[in-house]
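Here is how the chains run, residue by residue.
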Amino acid sequence: MYIATLLTNPEQPHLTEATVAAQRDAWQGGDIVWLAPGEAAEFTLPEVPDDRWPAWEAWQRKGVDLVIQPAQGRRKTMLLADMDSTMIGQECIDELADEAGVGPHVAGITARAMNGELDFEEALEARVSLLRGLDESVIARVLETRITLAPGGPELVATMRAMGGYAVLVSGGFTAFTHHVGRLLGFDETHANVLLIEDGRLTGEVAHPILGRAAKINALERVTKHLDIPEADVIAVGDGANDLGMLERAGTGVALHAKPTVAAQCDVRINHGDLTALLFLQGYGRDEFART
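Residues numbered from 1 in each chain as written. Predicted model: local features only at pLDDT ≥ 70, side-chain atom pairs only at ≥ 80, totals over all residues. Heavy atoms only, no water.

**Quick look at the sheet that holds strand β7 (residues 189–193)**
Just so we agree on the cut-off: Two strands qualify as a pair provided DSSP detects at least 2 bridges between them. A helix here means a DSSP run of H or I that spans at least four residues, while a strand means a run of E at least two residues long, and both kinds are numbered starting from the N terminus. In this analysis, axes come from line fits to C-alpha atoms, helices being fitted only over the stretch in contact, and the angle between any two N-to-C directions falls in the range 0 to 180 degrees. For this analysis, residues touch if any pair of their heavy atoms sits within 4.5 Å.
Ordered in space as β7-β6-β5-β10-β11-β12, the six strands form an open sheet in which the pairing is parallel. Lying at the two open borders of the sheet, with one neighbouring strand each, are β7 and β12 (268–270). For this sheet the average axis-to-axis angle between neighbouring strands, irrespective of direction, equals 20°. Sitting on the sheet, helix α8 (residues 175–185) touches β6 (166–174) and β7, and the angle it makes with β6 is about 155°.

Given below as structure tokens:
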């Protein structure tokens, strides 16, 4: 048995009974369950339809995400999340670079690295080198004035933890940011790279080993072993090429507003919804979300 979930941007909910019923009827699905009026609905399917991706493309044009997944085991125990452009709305290194006066150049490198066009470690070292000499006080200023939590993040982490889940934030970014974001959102663990600082200024280097794609897979392996749960019991979310390893290994890997080459390699793609989509995909109704 499978579950088809349709969901929209919570700020612009526009699903209707008629349009959802038309898709359900075309696929001979089960009863429609509304997880949030106008925002998210689901129904069962006996098998994955042959026209799954043409239907997905048609719904995308209407501003709706369509996900089909096995019904069994879709509610997860562990959340494994990327930070930059996933749990927050920015790329931290781009914001630091903007303060250093090299924003556009670094942002270009970031975009190419996240799209898988550049080696992640080499691209990170190249970008960090451009921050050499930046006063460390800039980190606090960027955190205060530039960094915003992504919509739905507080509800996602709070609800999964309220239901007994475990939340891990693992980033190719920097500990100065993950510690802050992790505390705000209530993550159980945070992991990231360390920016090296001497005499109050960034040295332009990052501590080794650099946390990239492999580190995210290692976190998945280590924490599931510690919790004594299967990897199938993990829902992972990210947007960049260095997230693909964990997205492929997790029971449910969600490409959230992902780079095109990343989304193309994932079956679960959220382009219109926010982070609460990860709760809808697990069958939570909005009335079950934990208060934040």
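**A word on the sheet that holds strand β2 (residues 33–36)**
In spatial order, the strands read β2-β3-β1-β4; together these four strands make up an open sheet with antiparallel pairing. If you trace the sheet from one side to the other, it starts and ends with β2 and β4 (64–70), each paired once. Averaged over all neighbouring strand pairs, the angle between strand axes comes to 25°, with direction disregarded. As paired elements, strand β1 (residues 2–8) and β4 share seven bridges and run antiparallel to each other.

**As for the layout of surface pockets**
Heads up, the condition is: Residues are said to line a cavity or pocket when one of their atoms sits within 4 Å of a point; the points come from a 1 Å grid over protein atoms alone, cavities being sets where a 1.4 Å probe fits but cannot get out and pockets being open sets with protein on both sides within 12 Å along at least five of seven lines. Grid points are joined across faces, edges and corners, and a volume is the space filled by probe spheres set on the points. Put simply, Ala, Val, Leu, Ile, Met, Phe, Trp, Tyr, Cys and Pro go in the nonpolar bin, Asp, Glu, Lys and Arg in the charged bin, and everything else, Gly too, in the polar bin.
Looking at the largest pocket, its volume works out to about 320 Å³. Lining the largest pocket we find 19 residues, and of these Pro70, Gly251, Thr252, Gly253 and Val268 sit closest to its centre. Looking at the lining of the largest pocket, the elements with two or more residues in it are β4, α10 (244–249) and β11 (252–256). No other element matches β4, which puts three residues into the lining of the largest pocket. Here the residues of the lining of the largest pocket are counted per class, giving seven nonpolar, seven polar and five charged.

**Remarks on the nonpolar core**
The test is simple: What makes a nonpolar core is a set of buried Ala, Val, Leu, Ile, Met, Phe, Trp, Tyr and Cys residues whose side-chain atoms join them at distances within 4.5 Å. Under the scheme applied here, a residue whose accessible area is under 20% of the maximum for its type counts as buried, over 50% as exposed, and between as partly exposed, the area being computed with a 1.4 Å probe on protein chains only.
Ranked by internal contacts, the top residues of the largest apolar core, which has 58 residues, are Leu79, Leu96, Phe177 and Phe187. Ranked by residue count, the leading element in this core is helix α12 (residues 277–281), at five residues. In contact with Leu79, other than residues within four places in its own chain, are Leu156, Val157, Met160, Tyr166, Ala167, Val168, Phe187, Ile235, Val237 and Leu278.

**Focus on the packing of helix α3 (residues 92–100) against helix α6 (residues 137–145)**
Quick note on the threshold: We call two directions roughly parallel when the angle between them is under 35 degrees, roughly antiparallel when it is over 145, roughly perpendicular when it lies between 65 and 115, and oblique otherwise. Rotating anticlockwise by less than a right angle from the far helix to the near helix defines a left-handed crossing, while the corresponding clockwise rotation defines a right-handed one.
Here α3 crosses α6 at 120°, and the two axes come no closer than 10 Å. The orientation of α3 with respect to α6, classified from their angle, is oblique. Of the two elements, α3 crosses α6, and the hand of that crossing is right-handed. Contact with α3, carried on its side by Glu95, Leu96 and Glu99, involves Val138, Ile139, Arg141 and Val142 of α6 and no other residues of that element.

**A look at a negative patch on the surface**
Here is the rule: Patch rule: a residue counts if its relative accessible area is over 30% and it has no salt bridge; like charges are joined within 9 Å, and nonpolar side chains (Val, Leu, Ile, Met, Phe, Trp, Tyr) within 5 Å. Per-residue and other accessible areas were derived by the Shrake-Rupley procedure at a 1.4 Å probe size, with only the shown protein chains allowed to occlude residues. Only one rule defines a salt bridge in this text: a Lys or Arg side-chain nitrogen within 4 Å of an Asp or Glu carboxyl oxygen. Note on charges: Lys and Arg go in the positive column, Asp and Glu in the negative column, and His and the chain ends are not counted at all. For the purpose of locating charges, the reference atoms are NZ of Lys, CZ of Arg, CG of Asp and CD of Glu.
Negative charge collects at one region of the surface, where Asp119, Glu121, Glu122, Glu125, Glu198, Asp199 and Glu205 lie side by side. At three residues, the largest contribution of residues to the negative patch is made by helix α5 (residues 120–129). With respect to the helices and strands, Asp199 occurs in the loop between β8 (195–198) and β9 (201–206).

**Quick notes on the environment of Val138**
Relative to the assigned elements, Val138 resides in helix α6. In this structure the C-alpha to C-alpha distance between Val138 and Pro104, which are 34 residues apart in sequence, comes to 18 Å. Not counting residues up to four positions away in its chain, the partners in contact with Val138 are Leu96 and Glu99.

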